[in-house]
Amino acid sequence: MPRKRKGRLINGIVLLDKPLGLSSNHALQRVKRIFNAAKAGHTGALDPLATGMLPICLGEGTKFSQFLLDADKTYSVTAKLGVRTTTSDADGEVVETKSVQVSEQQLKDVCAQFTGPIKQVPSMFSALKHQGKPLYFYARQGIDIPREARDIEIYRLTIDRFEQDEVDMTVHCSKGTYIRSLVDDIGQLLGCGAFVSRLDRSQVTDYPVDKMLTLEALQAMRDKIDEAGRDLMDDESFVELDQHLLPMDSAVKTLAGVTLELVAEGYFRNGNPVNYSQDESSIDPQENALVRVYSQQSGRFLGVGFIDSDNKVAPKRSVVWPD
């Protein structure tokens, strides 16, 4: 007897405006329940202290979450000068306080040192894994794990406000950047210490900010469905909610696009490399390049492939569409 499916086979990406005090996983589970989705995953954790854009992938969209994990991001952050904490944010215990004798020019000069390609040592309170467990697991036990500096890039760092011991900054950065570590490093160079008192992720790649939705807005749409007693396995019940989903391929739109004829499409979906036609709007993909793959007949997104040594496109992440 086949197992009863739990949730709808709905595919897409929700741009959640994550509220303060909620973990990314808690937010993910809330969104999954609201959409009654069978499968969901987020694209890079935001601390409970942080707010802002959290793309959540539903269904087959979870196969492309890594591309958003690897995308550049923009943050609005407030740094409190004169204090260092164990976690480099407001949730940590104070470990050092100093007077703040910093001029605006000193602040600009120090921040300028952090723009461009730099090395950064991840915080012990990060989700990086060591022997299968996140670093914060060890940090909470007072265990310090040696960490190697990692290559990151700060594309833009602007000072938006500087008043006494508070600094508002906008940071556009590469994947793997820890804003708490960045602020702590800036504070150390200034000689007074600093921690993050406010953090908001305003952008992930170039996703439109005006497409973000709060949990309250999403829940209000779900409440209408429940109050009407609609069938929770019927997609027609979720029309209002589903119209806010972004397409799965929005996670990989920076890749070149190719199309497949009907016969090649079948072989590709079964895991085989096939000949392709280049999307006229895309650059010519080179060997090993990742590409977006579409059906020439239906136009639907088939997944992400790579160009092999025979100049064919081989599947890397394929979308399973119902026949």
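Everything below is about the structure printed above this text.
Residues numbered from 1 in each chain as written. Predicted model: local features only at pLDDT ≥ 70, side-chain atom pairs only at ≥ 80, totals over all residues. Heavy atoms only, no water.

**Student:** Would you mind going over the overall build of the chain with me for this structure?
**Tutor:** On a plain count of helices and strands, the chain comes out with eight helices and 17 strands. If you line up the chain on its principal axes, its C-alpha atoms span 70 × 55 × 40 Å. The proportion of buried residues among the 323 residues of the chain is 46%. Roughly 16800 Å² of accessible area belongs to the chain as shown, and the carbon and sulfur atoms make up 48% of that amount. With 39 positive and 45 negative side-chain charges, the chain shows a spacing of 6 Å between the two charge centroids. (Helix = DSSP H or I, 4+ residues; strand = E, 2+ residues; numbered from the N terminus. Buried < 20%, exposed > 50% of the residue type's maximum accessible area, 1.4 Å probe, protein only. Areas by Shrake-Rupley, 256 points an atom, 1.4 Å probe, with all protein chains shown as cover. Lys, Arg positive; Asp, Glu negative; His and termini not counted. Charge placed at Lys NZ, Arg CZ, Asp CG, Glu CD.)

**Student:** Any chance you could explain the nonpolar core here in plain terms?
**Tutor:** Soluble globular proteins: nonpolar side chains tend toward being buried together. Phe 35, Leu 157, Met 169, Ile 186 and Leu 218 are the most contacted members of the largest nonpolar core, which has 50 residues in total. Residues in contact with Ile 186, not counting those within four places in the same chain, are Val 110, Cys 111, Phe 114, Leu 157 and Met 169. Residues Leu 15, Leu 68, Met 212 and Val 304 belong to the second largest nonpolar core, which totals 19 residues. (Core = buried A, V, L, I, M, F, W, Y, C linked by side-chain atoms within 4.5 Å. Contact = heavy atoms within 4.5 Å.)

**Student:** Got a minute to help me understand the sheet that holds strand E17 (residues 313-318) in this structure?
**Tutor:** Backbone-to-backbone hydrogen bonds pair the strands of a sheet. The strands run either parallel or antiparallel. Taking strand neighbours across the sheet as the criterion, the five strands line up as E14-E13-E15-E16-E17 in an open arrangement whose pairing is mixed. Lying at the two open borders of the sheet, with one neighbouring strand each, are strand E14 (277-278) and E17. By the bridge criterion, five bridges tie strand E16 (residues 301-307) to E17 in an arrangement that is antiparallel. By the bridge assignment, Gly 305 is partnered in E17 with Pro 315. (Pairing = 2+ DSSP bridges.)

**Student:** Which parts of the structure should I look at to understand the environment of Leu 290?
**Tutor:** By secondary structure assignment, the location of Leu 290 is in strand E15 (residues 290-295). Sequence separation of Leu 290 and Thr 254 is 36 residues, and the distance between their C-alpha atoms is 10.0 Å. The contacts of Leu 290, once residues within four sequence positions are left out, are Phe 67, Leu 255, Ala 256, Val 304, Gly 305, Phe 306 and Lys 316.

**Student:** Could you clarify how one ought to interpret the side chain of Glu 265 in this entry?
**Tutor:** By the element assignment, Glu 265 lies in helix H8 (residues 262-269). Classification of Glu 265 by relative accessible area gives buried; the value is 5%.

**Student:** What is the right way to look at helix H6 (residues 215-227) in this model?
**Tutor:** Helix length check: H6, at 13 residues, gives a terminal C-alpha distance of 18 Å against a target of 18 Å (1.5 Å per residue), a fit within 8%. Here H6 has its buried residues at Leu 215, Leu 218, Met 221, Arg 222 and Ile 225. An end-on view of H6 places all buried positions within 135° of arc, on one side of the element. Away from its buried face, by an angle of more than 90 degrees, H6 presents the exposed residues Glu 216 and Glu 227. Where H6 is buried, its residues meet strand E1 (12-18), helix H1 (24-35) and helix H7 (239-242). (Expected span 1.5 Å × (residues − 1). Arc of directions from axis to C-beta.)

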